[in-house]
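Summary of the model geometry
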Amino acid sequence: MPSEQQQIELAIPVNVIWDFIRDANNWAPLVPGYIQHERINDRLITWEFKSDLGIMKKKVSLVIDIKEWNEPARVSFELRRTNEKYIGQGYFEAQALNKNKTRIIGFLEINASGALGSLANSLFKNAIPKSTEEVAAAISSKLEEFSQR
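This section reports on the structure supplied with the text. (Residues numbered from 1 in each chain as written. Predicted model: local features only at pLDDT ≥ 70, side-chain atom pairs only at ≥ 80, totals over all residues. Heavy atoms only, no water.)

Comments concerning the layout of surface pockets
- Size it by volume and the second largest pocket reaches roughly 160 Å³.
- Taken together, the elements giving at least two residues each to the lining of the second largest pocket come down to helix H2 (24-27) and strand S4 (57-70).
- Across the lining of the second largest pocket, the residue classes break down as six nonpolar, one polar and four charged. (1 Å grid on protein atoms, 1.4 Å probe; cavity = no way out; pocket = protein on both sides within 12 Å on 5 of 7 lines; lining within 4 Å. Points joined across faces, edges and corners; volume = space filled by probe spheres on them. Helix = DSSP H or I, 4+ residues; strand = E, 2+ residues; numbered from the N terminus. Nonpolar A, V, L, I, M, F, W, Y, C, P; charged D, E, K, R; others polar.)

Written as structure tokens, this is what we have:
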């Protein structure tokens, strides 16, 4: 299964990071290809974005199902397409290194199935590291703006 973990350290207190993360409106638009998202309830978010995997370009609709919300340490989730079963999982962790510094760790794993599953997985293998780097950089930048408020 294609997967990637990103880790960054920010000179921002952990509680400020959680104030940012608890609202999907702050971070969902930072994902490459973002179109829109909607919070269904405390545990479900729908998300639409344009996927560009080189030879495969299409609009993707996902459901994010939050499995664990352990503030201020960890959020874990599963991903699925709106009309399919499980396709992936991930987590976000924030570890306070001191009162003004936090380590953020993000992980994402995707496993496509079906007729084009093996092709999609090989494309994901290259795309996921690039996308997670872009998301980590965008979230870091937004968090720095957010912490200045």
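Here's the deal with the packing of aromatic side chains
- If you walk through the whole model with that rule in mind, you get six aromatic pairs.
- Pairing Phe 20 with Phe 146 gives two aromatic rings, centres 5.3 Å apart and planes at 70°, and the pair type is edge-to-face. Note that Phe 20 is positioned in helix H1 (residues 14-21) and Phe 146 in helix H3 (residues 117-147), a separation of 126 residues in sequence.
- Owing to a relative accessible area of 17%, Phe 146 belongs among the buried residues under this scheme. (Phe/Tyr/Trp six-rings, centres within 6.5 Å; stacked < 30°, edge-to-face > 60°. Buried < 20%, exposed > 50% of the residue type's maximum accessible area, 1.4 Å probe, protein only.)

Observations regarding H1
- A large share of H1 lies buried, amounting to six of its eight residues.
- Of the residues making up H1, those classed as buried are Val 14, Val 16, Ile 17, Trp 18, Phe 20 and Ile 21.

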